[in-house]
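# Residue-level structural notes
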Amino acid sequence: MRVSYHNKSYIRPIQVPGSKSITNRLLILKHLFFDNMHIDNASDSTDSLSLRKSLFNQKDGVTKFHVEDGGTTLRFLICYLARTNTASYVTCGSKLFQRPHDDLITTLNNIGFDIEKTRDGFTLHSVDLANISAQWDVDISKSSQFATALLLIAPSLNKPITLSLNGRPVSIGYFDLTVGLMQDLGCSIKRIENSLTILPMEKNAKTLLATVEADWSSISYFVAIARLSNHSLTIQNVNENSLQPDVNILEFAKMIGIDYAFNDSNLILHPTTPYTYPKEIRRDYTNCPDIALTERVICEALGIEITATGTEHLKYKESNRSEVIEQELSKFDQATPEFLTHNDHRVAMCLTALSIIKPIQLDDISVVSKSFPDFWQEVSKIGIYLTPDNG
């Protein structure tokens, strides 16, 4: 599909989706503790829709689940099914199955659950929940999501749980976000560095409204578009005090000459023009890996050399992101670069910003639905349009 840019004099406010990370955490907490919770502005990403469907199916007695390519969905669902003692079978897409999950499964088995990794999925067996250990040790050197999945179910056990985080943390900000979210909902969590004590929590029958804030990973693409188009943009329903790690994109925005302000829950991005860009930028993505590709693409477009650290774990994502983005950016000197998305939503969305400089081709525009189904509708407000290859 051809992606091209047509300058517009008037740009309507941008609406990014609700945070996928927060939505998925609230879905698990709703089904464990808050039957009458209403989740407002929930993400409509394929990952969140898949998790929502699986959780409702489990309540209806379904025991076989398929989650396709949602890593969060798979890990959260396995822990949820283990806690609800649902004898079940979970499968996923082949690429997701190859991503690291063993540390989570090992921890679950060590504390008393019974999960078997098969040739193409995971079999969960019923256990005596009274025998579940109160000490949970998990390695978070590949993903903090393992610890998050365990933390979400911990208060549902009828005993205090000690959760110990081992290894050099990756994306620990998402775990911190989970702790804050659960504490706001009444969970008792005491933390001393990498050791947490979680007290049991009863089900709450009260009607509860939880509003999901805008997704900062999605906002990052509009930081790129604002800079390359030199247009000011307004993004709606943004939490200025967000705990999402990708809020760190604002630090990068300042480095490349974008001023920003918050006004009535709107984020206003205002690129300074003209602006003298730095020759080099150093960035650490250990805590915010999902914005690494966007920033790499912006630096390529602006002629800035970027020195990135904390990117080793990007190979565990939907694609080997560090390798893939360099492979695709090497095509940018073509008249109309023909980019491959590698079935990775973030690759597709960050490369889209380059269409402001010259038309590009993307082999698969549908991959954005994994996190931002309305992406093409929102970028069209700025003047980025899709046309068929032969159009």
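Our subject is the structure that appears above.
Residues numbered from 1 in each chain as written. Predicted model: local features only at pLDDT ≥ 70, side-chain atom pairs only at ≥ 80, totals over all residues. Heavy atoms only, no water.

### Quick word on the overall build of the chain
For clarity, the cut-off: Strands here are runs of E lasting at least two residues and helices are runs of H or I lasting at least four, both read from the DSSP assignment and numbered beginning at the N terminus. Radius of gyration means the value over C-alpha atoms here, while the globule rule gives 2.2 Å times the residue count to the 0.38 power. Only protein chains enter the accessibility calculation, which uses a 1.4 Å probe. A residue is then buried if its area is under 20% of the maximum for its type, exposed if over 50%, and partly exposed in between. Residue contacts are counted whenever heavy atoms from the two residues lie within 4.5 Å of one another. Surface accessibility in these figures is a Shrake-Rupley result with a 1.4 Å probe; residues are shielded only by whichever protein chains are displayed. Neither His nor the chain termini are counted; the positive set is Lys and Arg, and the negative set is Asp and Glu. A single reference atom marks each charge: NZ on Lys, CZ on Arg, CG on Asp, CD on Glu.
Counting its secondary structure elements, the chain contains 13 helices and 19 strands. Expected size for 391 residues packed as a compact globule is a radius of gyration near 21 Å; at 21 Å, the chain falls within 12% of this value. Oriented by its inertia axes, the alpha-carbon framework of the chain measures out at about 65 × 45 × 35 Å. For the chain, the residues scored as buried account for 55% of the 391 residues in total. Of the contacts made within the chain by residues no fewer than 6 positions apart, 73% connect residues no fewer than 24 positions apart. In the structure as shown, the chain presents an accessible area of about 16100 Å², 47% of it carried by carbon and sulfur atoms. Across the chain, the mean location of the 37 positive side-chain charges is 2 Å away from that of the 45 negative side-chain charges.

### Some thoughts on the side chain of Thr 123
You can see Thr 123 is positioned in strand 6 (residues 121-125). Once residues lying within four places of it in the same chain are set aside, the contact partners of Thr 123 are Ser 88, Tyr 89, Asp 114, Ile 115, Glu 116 and Thr 118.

### Concerning the packing of aromatic side chains
The description of an aromatic ring pair uses the distance of the two centres, along with the angle that the planes make with each other. We apply this condition: Any Phe, Tyr or Trp ring, taking Trp's six-membered ring, that has another such ring centre within 6.5 Å forms a pair; planes under 30 degrees apart are called stacked, those over 60 apart edge-to-face, and the others tilted. When the NZ atom of lysine or the CZ atom of arginine is within 6 Å of a ring's centre and also within 35 degrees of its normal, the charge is said to sit over that ring.
In this structure the tally under the stated criterion is 9 aromatic pairs. For the pair Phe 222 and Phe 372, a centre-to-centre distance of 6.3 Å together with 55° between the ring planes defines the contact as tilted. With Phe 222 in helix 8 (residues 216-229) and Phe 372 in the loop between strand 18 (360-362) and helix 13 (375-380), this residue pair connects regions lying 150 residues apart in the sequence. Of the two residues examined, Phe 222 and Phe 372, each falls in the buried class. The interplanar angle of 70° and the centroid separation of 5.5 Å between the aromatic rings of Phe 372 and Phe 375 together place this pair among those described as edge-to-face. By relative accessible area, which is 0% here, Phe 375 ends up buried. Ring pairs connect the aromatic residues Tyr 221, Phe 222, Phe 372, Phe 375 and Trp 376, which therefore count as one cluster. Positioned above the aromatic ring of Tyr 260, the side-chain terminus of Lys 254 is 5.4 Å from the ring centre. In this arrangement the basic side chain of Lys 358 is found over the ring face of Phe 332, its NZ or CZ atom lying 4.6 Å from the centre.

### Re the environment of Lys 53
Of note, Lys 53 is situated in helix 2 (residues 46-59). Exposure remark for Lys 53: the relative accessible area of 57% places this residue in the exposed category. Once the C-alpha coordinates of Lys 53 and Cys 79 are considered, the two residues, 26 residues apart in sequence, prove to be 16 Å apart.

### A look at helix 10 (residues 292-302)
The element helix 10 is extensively covered by neighbouring structure, given that 9 of its 11 residues are classed as buried. Regarding helix 10, the residues found buried are Ala 292, Leu 293, Thr 294, Glu 295, Arg 296, Val 297, Ile 298, Cys 299 and Leu 302. Considering only its buried residues, helix 10 is in contact with helix 8, helix 9 (249-255), strand 15 (280-284), strand 16 (305-309), helix 11 (321-329) and helix 12 (345-352). Looking one or two residues past helix 10, Gly 303 carries a phi angle of roughly 75°, positive in sign.

### Regarding the nonpolar core
Proteins that are soluble and globular tend to have nonpolar side chains buried together. How we decide: Each nonpolar core is a collection of buried residues, namely Ala, Val, Leu, Ile, Met, Phe, Trp, Tyr and Cys, held together in the definition by side-chain atoms within 4.5 Å.
With 65 residues, the main nonpolar core has Leu 26, Leu 108, Trp 136, Leu 163, Leu 165 and Phe 175 as its most contacted residues. Residue contacts for Trp 136: discarding those within four places in its chain leaves Ile 111, Leu 150, Ile 153, Ala 154, Leu 157, Ile 161, Thr 162, Leu 163 and Ser 164. Membership of the second largest hydrophobic core comes to 62 residues, among which are Leu 293, Val 324, Ala 348 and Ile 384.

### Considerations on the environment of Ser 94
Its location among the elements puts Ser 94 in helix 4 (residues 94-98). Along the backbone, Ser 94 and Gly 121 are 27 residues apart, and their C-alpha atoms lie at a distance of 9.4 Å.

### Examining the sheet that holds strand 13 (residues 258-263)
How we decide: Two strands pair under a simple rule: DSSP has to find at least two bridges between them. Axes here mean lines fitted to C-alpha atoms, for a helix over just the part in contact, with angles spanning 0 to 180 degrees between N-to-C directions.
In space, the 3 strands of this open sheet follow the order 12-14-13, with antiparallel pairing throughout. The open sheet has two free edges, formed respectively by strand 12 (233-235) and strand 13, since each of these has just one partner strand. With strand direction ignored, the average angle separating the axes of adjacent strands in the sheet is 20°. Of the pairings in the sheet, the one linking strand 13 to strand 14 (residues 266-271) comprises 6 bridges and is antiparallel in character. Paired with Ala 261 across the two strands is Ile 268, which belongs to strand 14.

### Side note on the packing of helix 8 against helix 10
How we decide: By definition in this entry, angles of less than 35 degrees are roughly parallel, angles greater than 145 are roughly antiparallel, angles of 65 to 115 are roughly perpendicular, and the rest are oblique.
Close contact between helix 8 and helix 10 brings their axes to 9 Å; oriented N to C, the two are set at 10°. In terms of orientation, helix 8 lies roughly parallel with respect to helix 10. Counted together, Ser 220, Tyr 221, Ala 224, Arg 227 and Leu 228 of helix 8 and Thr 294, Ile 298, Ala 301 and Leu 302 of helix 10 form the full contact between these two elements.

Just geometry here; none of it tells us what the structure is for.
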